[in-house]
Amino acid sequence: TRRVAEYKPRVSPNGRLIAFVSEEGGVANVYVQPIPGPGSRVPVSIAGGTDPAWAPDGKAVFYRTSGGSGYVMRATFVDRPNLTVMARDTLFADKYFSNANYVAYDVLPGGRELLMVTAGAPTSATQRRSVTVIMNWQQMLVGGKGGTTVPER
C-alpha cells in the first residue's frame, strides 16, 4: 500500500472536527473530518490548498491556495446532519510569509482579523520582519462586493 503524506492538523474549537492537509491524489489539499468518527473526510480546498486555520466559531476554515494562484480563502460549512462545505470564498491575494513545517498565520478571537507575517527577507541587518494584522479584511475581498464564491464541486 502507498503511504500518503498528511500534516498540519488543526482541531476545531468544539473538538468534533479536524482540519489537515493530505497529499491524497498527488496534490496537497485541505480536508476536514469528524474526530474520532464516524464520518468521511470532506475536501475543503479543491485545486490545491494548505495551512488550515479554524474560525473561532468553528463554522469556517481559512486556508491558503497552493500553486500559482496565491490566495487566502475561507470555506464555510455545516457539520450536522452531514459534514458539508457550503461556500469557498476568495478573501485576498496571499503575499505573506509561509512555512512548509507549520501554519504561519492565525485567526484572532473575534474571527474578523488574521495575523500574518510580511513575506520577504529584511534588506539589511538592522531591519526586522514586520507583523501585519489584517483588520476589516472583508473590504479587501477579491471582486469587490462580497468576494468570489467558488461553488462546491
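Given the structure is predicted, the values throughout are model-derived calculations rather than measurements.

## Digging into the packing of aromatic side chains
This model, assessed by the stated rule, comprises three aromatic pairs. The lysine or arginine in question, Arg-41, covers the ring of Tyr-31, its NZ or CZ lying 5.5 Å from the ring centre.

## A short note on the side chain of Asn-29
For Asn-29, the position within the fold is in strand β3 (residues 29-34). Using a relative accessible area of 10% as the deciding quantity, one classes Asn-29 as buried. Side-chain polar atoms of Asn-29 contact the side chain of Ser-45, separated by 2.6 Å.

## A word on the pattern of salt bridges
Using the criterion set out here, one finds eight salt bridges in the structure. Asp-94 serves as the salt-bridge partner of Arg-64, at 2.6 Å between the closest nitrogen and oxygen. Of this pair, Arg-64 sits in strand β6 (residues 60-65) while Asp-94 sits in the loop between β8 (84-93) and β9 (105-107), and the two are 30 residues apart along the sequence. The pair formed by Arg-64 and Asp-94 is uniform in burial state, with each residue classed as buried. Taken together, the shared-partner salt bridges in this structure form one network comprising Lys-8, Asp-51, Arg-64 and Asp-94.

## Observations concerning the sheet that holds strand β1 (residues 6-11)
The four strands are arranged β1-β2-β3-β4 in an open sheet whose pairing can be described as antiparallel. Single-partner strands in this sheet number two, and they are β1 and β4 (42-43). One ladder, built from four bridges, connects β1 with strand β2 (residues 17-22); its direction is antiparallel. Pairing of Tyr-7 across the sheet is with Val-21, part of β2.

## Notes on the confidence of the model for the chain
Per-residue confidence for the chain averages 84 on the pLDDT scale, and 81% of its residues sit at or above 70. Highest mean pLDDT in the chain belongs to strand β5 (residues 49-54) (97); lowest belongs to strand β12 (residues 148-150) (46). The model gives residues 146-153 a pLDDT under 50, and that stretch makes 21 contacts with residues more than four places away or in other chains.

## Brief notes about unusual backbone geometry
Along the chain, Ile-35 connects to Pro-36 via a cis peptide bond; the corresponding omega equals 0°. If you trace the backbone, Pro-36 turns up in the loop between β3 and β4. Geometrically, the link from Arg-80 to Pro-81 is a cis peptide bond, its omega value of 0° lying close to zero. For Pro-81, the location among the structural elements is in the loop between β7 (71-78) and β8. Notably, Lys-8 is not glycine yet its phi reads approximately 55°, a positive angle. Position of Lys-8 among the secondary structure elements: in strand β1. Looking at Lys-8, the relative accessible area reads 10%, which means it is buried.

Definitions and cut-offs
- Residues numbered from 1 in each chain as written.
- Predicted model: local features only at pLDDT ≥ 70, side-chain atom pairs only at ≥ 80, totals over all residues.
- Heavy atoms only, no water.
- Phe/Tyr/Trp six-rings, centres within 6.5 Å; stacked < 30°, edge-to-face > 60°.
- Lys NZ or Arg CZ within 6 Å of the ring centre and 35° of its normal.
- Helix = DSSP H or I, 4+ residues; strand = E, 2+ residues; numbered from the N terminus.
- Buried < 20%, exposed > 50% of the residue type's maximum accessible area, 1.4 Å probe, protein only.
- Polar contact = N/O pair within 3.5 Å; in protein donor to acceptor, adjacent residues only side chain to side chain.
- Salt bridge = Lys/Arg side-chain N within 4 Å of Asp/Glu carboxyl O.
- Pairing = 2+ DSSP bridges.
- pLDDT = per-residue confidence, 0-100.
- Contact = heavy atoms within 4.5 Å.

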